[in-house]
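One letter stands for each residue in the lines below.
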Amino acid sequence: MSTMLPKFVLLWTDAVMWALVVALLVYARVVWRSPNLRASWTLVFRDAAAFASAIVLGLCLVLTLLDSAHFRRALPTAAVADAAVRSTAYDTRTQSVLDALLVRMVESREATYSRPLAYQSFTLESLTVDGEVRRLPPRLLHGGAHLRDPVREWSGDIAMRVGGGLALGAIAALLLGAWIVRGVARRHRWHWREAASRVLRDETDIRWRAALMTLTGLCLLAAPAALLMNDYHLLGTDRTGNDVFYQALKSIRTAFVIGTLATVATLPLAVGLGLMAGYFKGWVDEAIQYLYTVLSSVPNVLLIAACVLMVQVYLDQHPELFETGAERADLKLFLLCAILGVTGWAGLCRLLRAETLKLRELEYVQAATAFGVGPWRIMARYLMPNVMHLVLITTVLDFSGLILYEAVLSYVGVGVDPSMNSFGGMINLARSEMSRDPVVWWSFAAAFGFMVTVVLAANFFADGVRDAFDPRARVFRARRLKKPALAPSAVDAALRID
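The structure displayed is predicted, hence computed values, not measured ones.

K.L.:
Help me understand the overall build of the chain, please; the structure alone is not making it clear to me.
P.N.:
In terms of regular secondary structure, the chain is built from 18 helices and seven strands. Taken across its 498 residues, the chain has 42% of its residues classed as buried. Look at the contacts in the chain between residues 6 or more apart in sequence, and 72% of them connect residues 24 or more apart. Carbon and sulfur atoms provide 65% of the accessible area of the chain, an area that totals close to 27900 Å². Here the chain contributes 50 positive and 41 negative side-chain charges, whose respective centroids are spaced 8 Å apart.

In structure tokens:
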């Protein structure tokens, strides 16, 4: 019997995310061919915090792309002699490549709460022991199920897995370090010992030591987690028995989708209206100013909540548009990003208007106007390239703010669909868990820790981009350089001659 191929499912956010990856690769090629852009981005990676944050964000982007390739598995069909009658049926669940890689975590669902790395349930149940009914925590179905005598074997098994993971992580870090040193040596035509010495002393033009330290930390964290998460619940389970670590990994995609798509959605209105207001002035400028002033005066949370509720009503009234629940939840996420973009363009528009008012008075713009160049061509060819650094800086700075905004919206109940994993949804569900006795703290801690890590990395990277592309905001940090050998003074040389 031949294996049935799964059905590929292209969600709205999947298409946009892969399109943005293609656009990012095209931009990287443009940067490589442009000396000015390459010099500016080199300044970004000369900042140790920005380089380390870029590595963390790159890892999150890889997880996002793995979670953005969806499919539905084919179900086994009954044996029918006539091939025309036989049809392929697919599972109602939509899975991603990340789900396939973490299939053991998905299937290891428990009955209810369990602590991180535990082999017993968090709640007590009535169990019969030696003919006597006692209130005891039962064994978990999957967490620590391989242990025959968990009381004696648990601590040793955890220590062995952590130690083996640290050893594997150290080996992986050494291999990555050797690869970095080899690349630096080939670029500067150094001997590998000199390249290694310069990397360790942080004497390279790009902060490779910061990158090596970040990669080492990630390897030392990821390797033990990989050895533990298949047989234990690394961060425990929630009220319905789902693995918290799996939910946190899935929430990274939601954060990235909202941060990128909502930011991209603001660009057409912000860039277009900002350039028009600054170049045309007059009644066009007054109308656009009136528009974004009115928009800024309305509380964003109330405006977004009203739009999300209208979208929710439409989706509830048209269930026939979706084959699975994942398609419905994804469309709601896509429309939420569009709503955040439509309601959040005022700040960037105001900034671009002010910059355009200054640029339109420069000589090359006045010369283009005198030669009869049209206004739209002037804005596209002469004004837009000179404001793109502001667009880039604002886009990167708004990324982390939108991630926090999603957490707030999901916390108040107007964010993403409840069936979709998100940091705000995890915090919202942990609200009641923090008030019970004993406290179920691991769901809130996992969501808070992952979200702070992503937001902190985005903020550090945004600071590096701002310092590189905006010279007025650039901060010069002192670096320790190798002390040069002192040459003998002229007096000492004269005394030697005498």
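K.L.:
Help me understand the sheet that holds strand 1 (residues 7–9), please; the structure alone is not making it clear to me.
P.N.:
Strand-to-strand pairing in sheets goes through backbone hydrogen bonds, with the strands running parallel or antiparallel. Spatial strand order, 1-2-5: three strands in an open sheet with antiparallel pairing. In this open sheet, the two edge strands, each paired with only one partner strand, are strand 1 and strand 5 (95–96). Direction of pairing for strand 2 (residues 70–72) relative to strand 5: antiparallel, over a ladder of two bridges. Bridging from a neighbouring strand, H70 pairs with S96 of strand 5.

K.L.:
Would you mind going over the packing of helix 1 (residues 12–33) against helix 12 (residues 325–343) with me for this structure?
P.N.:
Between two packed helices, both the angle of their axes relative to each other and the distance between the axes serve to describe the pair. Running from N to C, helix 1 and helix 12 cross one another at 55°; their axes reach a closest spacing of 8 Å. In terms of their interaxial angle, helix 1 and helix 12 are classed as oblique. Each of W12, T13 and V16 in helix 1 lies in contact with helix 12, whose residues at this interface are D330, L331, L333 and F334. Class assignment of the residues belonging to the contact of helix 1 with helix 12 gives a composition of five nonpolar, one polar and one charged.

K.L.:
How should a nonpolar patch on the surface be read in this particular structure?
P.N.:
A surface patch of nonpolar side chains, amounting to about 690 Å² of accessible area, comprises M434, V439, W441, F444, F448, V452, L456 and F460. Residue class for V452 comes out partly exposed when judged on its relative accessible area of 35%.

K.L.:
I keep staring at the pattern of salt bridges and nothing clicks. Help me out?
P.N.:
Oppositely charged side chains can form a pair if their charged atoms are brought close together. In the structure shown here, the tally under the stated rule is 22 salt bridges. R161 is the salt-bridge partner of D231, the closest N and O atoms lying 2.8 Å from each other. Residue D231 is found in the loop between helix 8 (208–228) and helix 9 (244–280), and its partner R161 is found in helix 6 (residues 150–188); the two are separated by 70 residues along the sequence. Ionic pairing is found between D285 and R353, a salt bridge with its closest N-O pair at 2.7 Å. Remark: R353 occurs in helix 13 (residues 346–359) and D285 occurs in helix 10 (residues 282–297); sequence separation between them is 68 residues.

K.L.:
Any chance you could explain the nonpolar core here in plain terms?
P.N.:
Counting 51 residues, the largest nonpolar core has V44, F461 and V465 as its most contacted members. Elements supplying a minimum of two residues to this core: helix 2 (35–45), helix 3 (48–66), helix 8, helix 9, helix 15 (375–412), helix 16 (423–433) and helix 17 (442–469). Of the residues forming this core, the biggest block, 13 residues, is contributed by helix 17. Apart from the residues within four sequence positions on either side, F461 is in contact with W41, V44, A50, S53, A54, L57 and V396. Judged by nonpolar contacts, the second largest core, of 24 residues, contains L273, V284, Y292 and A346.

The rules behind the values
Residues numbered from 1 in each chain as written. Predicted model: local features only at pLDDT ≥ 70, side-chain atom pairs only at ≥ 80, totals over all residues. Heavy atoms only, no water. Helix = DSSP H or I, 4+ residues; strand = E, 2+ residues; numbered from the N terminus. Buried < 20%, exposed > 50% of the residue type's maximum accessible area, 1.4 Å probe, protein only. Contact = heavy atoms within 4.5 Å. Areas by Shrake-Rupley, 256 points an atom, 1.4 Å probe, with all protein chains shown as cover. Lys, Arg positive; Asp, Glu negative; His and termini not counted. Charge placed at Lys NZ, Arg CZ, Asp CG, Glu CD. Pairing = 2+ DSSP bridges. Axes fitted to C-alpha atoms, helices over the stretch in contact; angles between N-to-C directions. Parallel < 35°, antiparallel > 145°, perpendicular 65-115°, else oblique. Nonpolar A, V, L, I, M, F, W, Y, C, P; charged D, E, K, R; others polar. Patch = residues over 30% accessible without salt bridge, like charges linked within 9 Å, V, L, I, M, F, W, Y side chains within 5 Å. Salt bridge = Lys/Arg side-chain N within 4 Å of Asp/Glu carboxyl O. Core = buried A, V, L, I, M, F, W, Y, C linked by side-chain atoms within 4.5 Å.

Shape descriptors only; they carry no functional weight alone.
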